[in-house]
Amino acid sequence: MRRPRPDHSDSPPGRPRARFEKVVRIPARAVGVIKGRGAQNLKDMQATPGVASVHLCFAGPGSDAELRITGTHEGVREVELRVSSLLAQSSSRQGEETKRIPIPKDAIGLVKGRSAQNLKEFQAMPDIASASLSCRGADAELVVSGTTSAVNQVAMKVRALLNKAVSKVKANT
C-alpha cells in the first residue's frame, strides 16, 4: 500500500518529488533480525539514499510489528528488498527461537545491570541475534532471540539473577 505524498523540501523549484509510504508486516519471531544487533539494520535502512524515515511499530508483546518506510519510490523499494532478504534469512535459520522471559518490575534494574551491562553481555553472547528489555507499565520482559542453546543459556543466567534477588530479600526480612 503505497501512498504518494508531495514533498517540496529538497526538490528543484517547480518539480516536487513524490514521497511514498510502505507498511511491511514483520512476524514477532523476526523483529530481532529486522532490528539487528544494536538496531544496526534499522540504522542502515534509515541511511539508504531516498529514505526519509524507517519506523518499527509494535502493537504489544507477542504480536506482529509493522515497519513503516517513507521516502522516494526507489529508496522505499531498496529497503523493502532488504527487509525481504532479512525475513528470508530469518525463516531459513534452523534451531532459532525467540523466548520472552517475564521480569518482575522490582527486578528490572538487577536484570539490566549497572549501565545496562548485563543486557550488553547477553547481546554480545555468541549465537544471540538480539536481546532487549521491554517495559510496558507494570509488566516487563526480556525478549531474547538466537539459537536454542544460546537462548536457554541467557534464560538460565536471568533465573540465577532473579534467584539471587529473591534470596537477598528473604535475608533482609
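As shown above, the structure is provided for reference.
Throughout, a residue's number is its position along its own chain's written sequence, starting from 1. Predicted model: local features are reported for residues with pLDDT of at least 70 only, side-chain atom pairs are reported and counted for 80 or more only, and whole-chain, interface and lining totals are derived from all residues. Hydrogens are left out, water is left out, and the side-chain values use all remaining heavy atoms of the structure.

Moving on: the pattern of salt bridges. Each reported salt bridge corresponds to a side-chain nitrogen of Lys or Arg within 4 Å of a carboxyl oxygen of Asp or Glu. One pass over the structure, following the stated rule, counts six salt bridges. Salt-bridge contacts for D64 lead to R25; the nearest nitrogen and oxygen are separated by 2.4 Å. Placement of the pair is D64 in the loop between strand 3 (51-58) and strand 4 (65-71) and R25 in strand 2 (residues 17-26), with a sequence separation of 39 residues. A residue is classified by how much of its surface remains accessible, and D64, at 33% relative accessible area, is partly exposed. Residue exposure (1.4 Å probe, protein chains only): buried if accessible area is under 20% of the type maximum, exposed if over 50%, otherwise partly exposed. What makes R25 exposed here is its relative accessible area of 52%. Here R77 ties to E80 by a salt bridge, and the two come within 3.2 Å at their closest N and O atoms. Linking R77 with E80, this pair stays in helix 3 (residues 73-92), spanning three residues, or about one helical turn. Residue class for R77 comes out partly exposed when judged on its relative accessible area of 36%. Overall, the relative accessible area of 12% leaves E80 in the buried class. Three or more residues are tied together by salt bridges with common partners; here these are E21, E66 and R68. Each helix is a run of DSSP H or I of at least 4 residues and each strand a run of E of at least 2, with the numbering of both proceeding from the N terminus.

This part takes up unusual backbone geometry. Despite not being glycine, A39 shows a phi value in the positive range, around 60°. Phi is positive for A116, which is not a glycine, with a value near 60°. Judged by its relative accessible area of 17%, A116 falls in the buried class.

Keep in mind these numbers describe shape, not what the thing actually does.
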